[in-house]
Amino acid sequence: MAVDTERIPARRRRLGDRLAVLGEREFLWFFTGYTTSLVGSSMAPVAVAFAVLDGGGGGTDLGWVMAARILPVVLVLLAGGVIADRLGSRRVMLGSDLLRGLVQALFAGLLLAGHAPVWAMVALVAVWGVGEGLFMPAFGAIVPGLVRRKELLADANTLLGLSRSVSTVVGPAAAGLLTAAWGPAAVLLVDAVTYGVGAFALAALRLPGRGPAGGGGESMIDDLRSGWSEFASRPWLWLTTAQMGLFNLLVWAPFLVLGPLTAQRDLGGARAWGLVMGVYGAGAVLGGLLMLGRRPARPLAVATVAGLGWALPSGALAAGASLPWVVAGGLVAGVGSAVCGTLYGTTMQEWVPVELLGRLTSFGALGSFVLGPLGLAAAGPLSGRFGIGGVLLLGSVWQLAAGAVVLGIPAVRNRRWEEAPEN
């Protein structure tokens, strides 16, 4: 007899009930392929970095190669949302996986042949970034179609978030071992194979028909305009997007740049910083496990409260706290990141019509990430003027203040699961 998981309080559910979403065929196929691909993707940056360095490149060359991956993602996101709504998410994701797999195979071939100049690496990584920019909006739009029961959507997002968290721990560690043993080309070949697994899983999906895809405009520009109009008409969506964008500018980017400097100066160096980030990753895994089977009545309110935890690691560094306090802050922040990711993603998928999901996801992703590079570039100069502690303290205070403001907005605070429209 099927279990009605919607009526069972999360705290009383057995593990099997919380994993009921794995009984959904389409989700299981997608989850398996996506997780496999994620592990490969998280291995690749390590291989690319050592490919540049082993080829005689320096810090400037490595910076060019890394930037070549990020910039196309930002540039392609909006077009990716329109294309996903027009052609369907699965087609776009399948094409993206095949494109990225081909890129990694070509990259590995160049390394094995001994002909991998920096310009060629930049070009290949840029194409890789284009594939990622196409994949991201389509990913946000495909998830609702993978589960038949709406009450399992949050669990689906939780497990997908868990796979991302675990891959960030497993992938780099495996890449380090493989690179040391067989070189970066071996890692890139593994990544190419994992993209193939992801593409195979996507091809095997049997998704329900939802009518004609597309935004209804006569051109991509028309579709972008209508998508922006829909995005701007939802205060809860653009407010949380603005909050995330400023978080990346004022909190996350300075933390990534100034955190290692503080660890080097006061906490014991790279080992201490590795511990902080490792515990952060463990916190994200723990947060995902805690979210399984849970559907809080006010998802955006809970997500916003969970996000307040990000004030802790920056605040601890700014206050000159000892390593255990910084690690504890990282743990809380990791838990909060998993809770936020699950609840924000599920809210988007439940409140936005499926024919708009690709475009609205792309606007949300662009708004969230576009200020991040500016924060990374500005953190160092600002710390020279105001001190490392001053910049980190600003981020900590901002996170608390922004969370309080967002919680005060009824469109965010009072949004409930049961009010979501039927898609």
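The structure contained in this document is the topic of the report that follows. (Residues numbered from 1 in each chain as written. Predicted model: local features only at pLDDT ≥ 70, side-chain atom pairs only at ≥ 80, totals over all residues. Heavy atoms only, no water.)

1. Some remarks on the pattern of salt bridges
Once their charged atoms are close, side chains differing in charge can pair, the charge on each being opposite to the other.
For step 1, the next point in the chain: Inspection of the entire model under this criterion finds 5 salt bridges.
For step 2, the next point in the chain: In this structure, the salt-bridge partner of E26 is R25, at a minimum N-O distance of 2.9 Å.
For step 3, the next point in the chain: A salt bridge links D266 to R265; the nearest nitrogen and oxygen atoms lie 2.9 Å apart. (Salt bridge = Lys/Arg side-chain N within 4 Å of Asp/Glu carboxyl O.)

2. Brief notes about the side chain of S41
For step 1, the next point in the chain: Tracing the sequence through the fold places S41 in helix α2 (residues 25-54).
For step 2, the next point in the chain: Dropping the residues within four chain positions of it, S41 is found in contact with D191 and Y195. (Helix = DSSP H or I, 4+ residues; strand = E, 2+ residues; numbered from the N terminus. Contact = heavy atoms within 4.5 Å.)

3. Details of the environment of A79
For step 1, the next point in the chain: Mapped onto the fold, A79 is located in helix α3 (residues 59-87).
For step 2, the next point in the chain: In this structure, the C-alpha to C-alpha distance between A79 and I221, residues 142 residues apart in sequence, is 9.2 Å.

4. With respect to the nonpolar core
For step 1, the next point in the chain: F27, F30, M93, F139 and L160 are the most contacted members of the largest nonpolar core, which totals 28 residues.
For step 2, the next point in the chain: Of all elements in the fold, only α2, α3, α4 (89-113), α5 (118-142) and α6 (153-182) reach the threshold of two or more residues within this core.
For step 3, the next point in the chain: Each residue touching F27, except ones within four places of it in the same chain, is listed here: V21, L22, L146, V147, A156, L159 and L160.
For step 4, the next point in the chain: Formed by 22 residues, the second largest nonpolar core is a distinct cluster that contains A141, M291, L343 and L356. (Core = buried A, V, L, I, M, F, W, Y, C linked by side-chain atoms within 4.5 Å. Buried < 20%, exposed > 50% of the residue type's maximum accessible area, 1.4 Å probe, protein only.)

5. Regarding the side chain of N248
For step 1, the next point in the chain: On the secondary structure map, N248 appears in helix α9 (residues 235-267).
For step 2, the next point in the chain: With a relative accessible area of 8%, N248 lands in the buried category.
For step 3, the next point in the chain: Non-local contacts of N248, meaning those with residues more than four positions away in its chain, are made with A253, P254, S368, F369 and G372.

6. Structural notes on helix α7 (residues 184-203)
For step 1, the next point in the chain: Under the 1.5 Å per step criterion, the end-to-end length of α7 is 29 Å for 20 residues, consistent within 8% with the ideal 28 Å.
For step 2, the next point in the chain: Within the sequence span of α7, burial applies to P184, A185, V187, L188, D191, A192, T194, Y195, G198, A199, A201 and L202.
For step 3, the next point in the chain: Packed against the buried residues of α7 are α2, α4, α5 and α6. (Expected span 1.5 Å × (residues − 1).)

So far we have only geometry, and geometry alone does not tell us how the molecule works.
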